[in-house]
Amino acid sequence: MGAHRRRPAHRQPQRLHLGRRQEDHGHLDLHPGKWRVAYDKWEYCHFQEGYCIITPDGQEPIHLKAGDIFVVEPGMTGTWEVVETVRKYFVFA
């Protein structure tokens, strides 16, 4: 009988140096729950697993699932609701 291993909830982001700019990027596992977000940077995301609903303030919900790629603009506020554990690759710029 083998032990069950869980992926860490968050892996330390890596720094990508592009000229004078630094970008945070890496993989992130998000577990079910709902919370407020406020973006001050661009975020590129590629969902690899799971399902969530992002609802920007004053707008319709956006449903995201494995395989989806999207970008969040600075200034976006709203909620993230993770329905099924999400694994995403991200880059903040």
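Reading the values: the criteria
Residues numbered from 1 in each chain as written. Predicted model: local features only at pLDDT ≥ 70, side-chain atom pairs only at ≥ 80, totals over all residues. Heavy atoms only, no water. Helix = DSSP H or I, 4+ residues; strand = E, 2+ residues; numbered from the N terminus. Buried < 20%, exposed > 50% of the residue type's maximum accessible area, 1.4 Å probe, protein only. Contact = heavy atoms within 4.5 Å. Areas by Shrake-Rupley, 256 points an atom, 1.4 Å probe, with all protein chains shown as cover. Pairing = 2+ DSSP bridges. pLDDT = per-residue confidence, 0-100. Patch = residues over 30% accessible without salt bridge, like charges linked within 9 Å, V, L, I, M, F, W, Y side chains within 5 Å. Salt bridge = Lys/Arg side-chain N within 4 Å of Asp/Glu carboxyl O. Core = buried A, V, L, I, M, F, W, Y, C linked by side-chain atoms within 4.5 Å.

**A word on the overall build of the protein chain**
Okay, step 1: For the protein chain, the helix and strand inventory stands at zero helices and seven strands.
Okay, step 2: Written out in order from the N terminus, the α and β elements of the protein chain read β-β-β-β-β-β-β.
Okay, step 3: Every one of the 93 residues in the protein chain was classed for burial, and the buried ones make up 33%.
Okay, step 4: If you take every contact in the protein chain between residues at least 6 apart in sequence, the share linking residues at least 24 apart comes to 67%.
Okay, step 5: Here the protein chain has roughly 6,400 Å² of accessible surface; of this, 52% comes from carbon and sulfur atoms.

**Concerning the pairing of strand β5 (residues 62-65)**
Okay, step 1: In this structure, strand β4 (residues 43-56) lies alongside β5, joined through four bridges in antiparallel fashion. For Tyr51, the partnering residue across the bridge sits in β5 and is Lys65.
Okay, step 2: The turn joining β4 and β5, which pair antiparallel and follow one another in sequence, is formed by five residues; a positive phi near 75° is taken by Gly58.

**Quick look at the pairing of strand β6 (residues 69-72)**
Working note: regular strand, side chains alternate between the two faces of the sheet.
Okay, step 1: Here β6 shows one buried face, formed by Phe70 and Val72, and one open face, formed by Ile69 and Val71.
Okay, step 2: Two strands pair when backbone bridges link them, and β4 and β6 are joined in this way by four bridges, in the antiparallel orientation. In the strand pairing of β6, His46 is matched with Ile69.

**What about the confidence of the model for the protein chain?**
Okay, step 1: This prediction gives the protein chain a mean pLDDT of 82; 75% of its residues lie at or above 70.
Okay, step 2: Per-element confidence in the protein chain is highest for β5, whose mean pLDDT is 96, and lowest for strand β1 (residues 14-18), whose mean pLDDT is 46.
Okay, step 3: Counting interchain partners and residues more than four positions distant, the pLDDT-below-50 stretch residues 1-8 has five contacts.
Okay, step 4: Low pLDDT, under 50, characterises residues 12-20; the predicted model gives this stretch 16 contacts beyond four residues in sequence or across chains.

**Looking at a nonpolar patch on the surface**
Okay, step 1: On the surface, Trp42, Tyr44, Ile69 and Val71 cluster together into a nonpolar patch covering about 400 Å² of accessible area.
Okay, step 2: As for its placement among the helices and strands, Tyr44 is situated in strand β4.

**Quick word on the nonpolar core**
Okay, step 1: Of all hydrophobic cores here, the largest spans 16 residues; its most connected members are Phe47, Cys52, Ile54, Phe70 and Trp80.
Okay, step 2: Beyond its immediate chain neighbours, meaning those up to four positions away, Trp80 contacts Leu30, Gly33, Lys34, Trp35, Val37, Tyr39, Phe47, Cys52, Ile53, Ile54, Phe70 and Lys88.

**Some remarks on the pattern of salt bridges**
Okay, step 1: Here the structure, examined in full by the defined rule, presents four salt bridges.
Okay, step 2: Between Asp29 and Arg87 there is a salt bridge, with its nearest N and O atoms 3.0 Å apart. On the criterion of sequence distance, the pair formed by Asp29 in strand β2 (residues 21-30) and Arg87 in strand β7 (residues 77-92) is long-range, its members being 58 residues apart. Arg87 matches Asp29 in its accessibility class, with the two residues each being buried.
Okay, step 3: Notably, a salt bridge pairs Arg36 with Asp57, separated by 2.9 Å at the nearest N-O pair. Placement of the pair is Arg36 in strand β3 (residues 33-38) and Asp57 in the loop between β4 and β5, with a sequence separation of 21 residues.
Okay, step 4: Under the relative-accessibility criterion, Arg36 is labelled exposed at 53%.
Okay, step 5: The class for Asp57 is partly exposed, based on a relative accessible area of 39%.

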